[in-house]
Amino acid sequence: MTADFLIVGGGIAGISAAARLSHLGAVTLVEAEGHLAYHASGRSAALYEPNYGPAPVANLSRASEGHLREEGGGVLSKRGLLLVAGQYERSAFDADRRSMAMDDMSLVEARGLVPILDPAAVAFTAFGDHAWDIDTDRLIQNFARAARANKARIVTGRRVTAIARADGRWHVEAGGAIYAARFIVNAAGAWADEVARMAGVRPIGLAPLRRSMARIAAPGRRDVAAWPMIFGTGESWYAKPDAGALIVSSAEEAPSHPHDAWADDMVLAEGLARYEAHVTEPVTRPIATWAGLRTFAPDRVLVIGRDSSQPDFLWLAGQGGYGFQTAPAASRLLADLVAGRSPEIDAAIIETLSPKRFS
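Values in this document were obtained by computation on a predicted structure and should not be read as measured data. (Residues numbered from 1 in each chain as written. Predicted model: local features only at pLDDT ≥ 70, side-chain atom pairs only at ≥ 80, totals over all residues. Heavy atoms only, no water.)

Caption draft 1: Up close: the overall build of the protein chain. For the protein chain, the count of helices and strands is 9 helices and 20 strands. Rg of the C-alpha trace for the protein chain: 21 Å, near the compact-globule value of 21 Å for 359 residues, within the 12% margin. Considering only C-alpha atoms, the protein chain reaches an extent of 70 × 40 × 40 Å along its principal axes. For the protein chain, buried positions account for 56% of its 359 residues. Within the protein chain, contacts between residues at least 6 apart in sequence are counted, and of these 73% link residues at least 24 apart. A distance of 5 Å separates the average location of the 37 positive side-chain charges in the protein chain from that of its 40 negative side-chain charges. (Helix = DSSP H or I, 4+ residues; strand = E, 2+ residues; numbered from the N terminus. Rg over C-alpha atoms; globule rule 2.2 N^0.38 Å. Buried < 20%, exposed > 50% of the residue type's maximum accessible area, 1.4 Å probe, protein only. Contact = heavy atoms within 4.5 Å. Lys, Arg positive; Asp, Glu negative; His and termini not counted. Charge placed at Lys NZ, Arg CZ, Asp CG, Glu CD.)

Laid out in structure tokens, this is it:
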């Protein structure tokens, strides 16, 4: 089984890369789980907020907006973002408001959007109308459809167990089969450093961080569909409408190892308490709980491009919490670099994304 590109990982990074690279040659994508987007991509809060993250990340997010808004009919729907803070959180509130380009809003106006905000607990509020929900399943399927239309082969349920290089090609063992390719694309998320080690490539130092989430019933049986996403100051918690309910998270970043993550009950309880301290409706019992791993490079910026010591080993990793909102531009940049085209992304930004910064 020979291809030009062998992509390891079937999350949003891998499947978007498959769609882009399928225009340049034969693509095989190998995913360890039984279906695409099982781990981090399947557990995302799914928000497009173009000011979120370090400057290189925000640059990729803004470069992705056209695709997210238009391709395949678009995958964005209006959400909005509401920042709330207590009486003694003014300085942190101001810093958050500036970094996310939000406007001050009166508490009366904020309660018009989210009527359960507690006026005894919430002193400051700000709003941004530049936050949008992402239909993550539709985005995944759009990229998968584009990849398959160009004859890309997508294989699920086969975990990579060995990688060797011989005769100018990579030979990858996964699920008892051997795949050969000129290029490996390392889009393995939390497992990306493990894939590098198997290939004899120096790991970057990627850090998987667990985040726990709970779905709770709509407070007071209200219709929450039009509510904005709500952030506590310093991203100490958030709440987001989801399918008639609310997702609530403590927004923790607990160091982890690559695995099928599960929620930490104590952390969830803390997150729910932080949320509950700002609202008038009590939390009874979660409908469901889960966790995901957000994997960051040491500088919390994505890693995109050829490895500094092995140019046929391509990185598309370190998405952290920005995977969906950066995927269109990140995958296009990878394809541009491979094809030798002039990327739309500024050269200085490309340098900050390159794996060479860790060499």
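Caption draft 2: Spotlight on the packing of aromatic side chains. On inspection of all chains with the given rule, the structure shows 8 aromatic pairs. On the basis of an interplanar angle of 65° and a centroid distance of 6.0 Å, the ring pair of Trp170 and Phe313 is categorised as edge-to-face. Residue Trp170 is located in strand E11 (residues 169–174), and its partner Phe313 is located in strand E20 (residues 313–317); the two are separated by 143 residues in the primary sequence. A relative accessible area of 2% places Trp170 in the buried class. With a relative accessible area of 0%, Phe313 lands in the buried category. A centroid spacing of 5.9 Å and a plane angle of 70° characterise the contact between Trp237 and Tyr275, whose relative ring orientation is edge-to-face. In this pair, Trp237 sits in the loop between strand E14 (229–232) and strand E15 (238–242) while Tyr275 sits in helix H7 (residues 265–276), placing the two residues 38 residues apart along the sequence. (Phe/Tyr/Trp six-rings, centres within 6.5 Å; stacked < 30°, edge-to-face > 60°.)

Caption draft 3: Seen up close, the pattern of salt bridges. Tallied over the full model, the rule gives 19 salt bridges. In this structure, a network of salt bridges that share partners links the residues Arg211, Glu235, Glu253, Arg294 and Arg300. (Salt bridge = Lys/Arg side-chain N within 4 Å of Asp/Glu carboxyl O.)

Caption draft 4: Here's a closer look at the environment of Val248. If you trace the backbone, Val248 turns up in strand E16 (residues 245–249). C-alpha separation for the pair Val248 and Leu337, spaced 89 residues apart in sequence, amounts to 39 Å. Discounting residues that sit within four places of it in the chain, Val248 has contacts with Ser212, Met213, Ala214, Ile216, Tyr238, Ala239, Gly271, Leu272 and Tyr275.

Caption draft 5: Broad picture of helix H8 (residues 323–339). Counted at 1.5 Å a residue, the expected span for H8 with its 17 residues is 24 Å, and the 23 Å between its end C-alpha atoms agrees. Where H8 bends most, the angle comes to about 35°, and this point is Ala329. Within H8, 15 of the 17 residues are buried, which leaves it mostly tucked inside the rest of the structure. Gly340 sits one or two residues past H8 and shows a positive phi near 75°. (Expected span 1.5 Å × (residues − 1). Bend = angle between axes of the 7 residues up to and from the residue.)

Caption draft 6: View of the domain arrangement of the protein chain. When cut into domains, the protein chain gives domain 1 (2–67 + 135–205 + 298–358) and domain 2 (81–129 + 207–296). Computed from C-alpha atoms alone, the centre-to-centre distance between domain 1 and domain 2 is 30 Å. The interface of domain 1 with domain 2 comprises 22 residues on the first partner and 24 residues on the second. Taking both sides of the interface into account, the surface hidden between domain 1 and domain 2 amounts to around 1,800 Å²; carbon and sulfur atoms contribute 56%. For the pair domain 1 and domain 2, the number of links is 1 salt bridge. Two residues, Arg300 and Glu253, come together in a salt bridge whose shortest N-O distance is 2.8 Å. The interface formed by domain 1 and domain 2 contains 4 residue pairs in polar contact (both at pLDDT 80 or more). A breakdown of the residues in the side of domain 1 that touches domain 2 according to their chemical character gives 10 nonpolar, 8 polar and 4 charged. (Domains from an automatic or database assignment. Buried area = accessible area lost by both parts, 1.4 Å probe. Polar contact = N/O pair within 3.5 Å; in protein donor to acceptor, adjacent residues only side chain to side chain. Nonpolar A, V, L, I, M, F, W, Y, C, P; charged D, E, K, R; others polar.)

Caption draft 7: Representation of the pairing of strand E1 (residues 2–8) in the model. For E1, the buried fraction is high: 5 of the 7 residues fall into the buried class. As paired elements, E1 and strand E12 (residues 177–186) share 6 bridges and run parallel to each other. Counterpart to Val8 in the pairing with E12 is Asn186. Pairing of E1 with strand E2 (residues 27–30), which is carried by 4 bridges, proceeds in the parallel orientation. (Pairing = 2+ DSSP bridges.)

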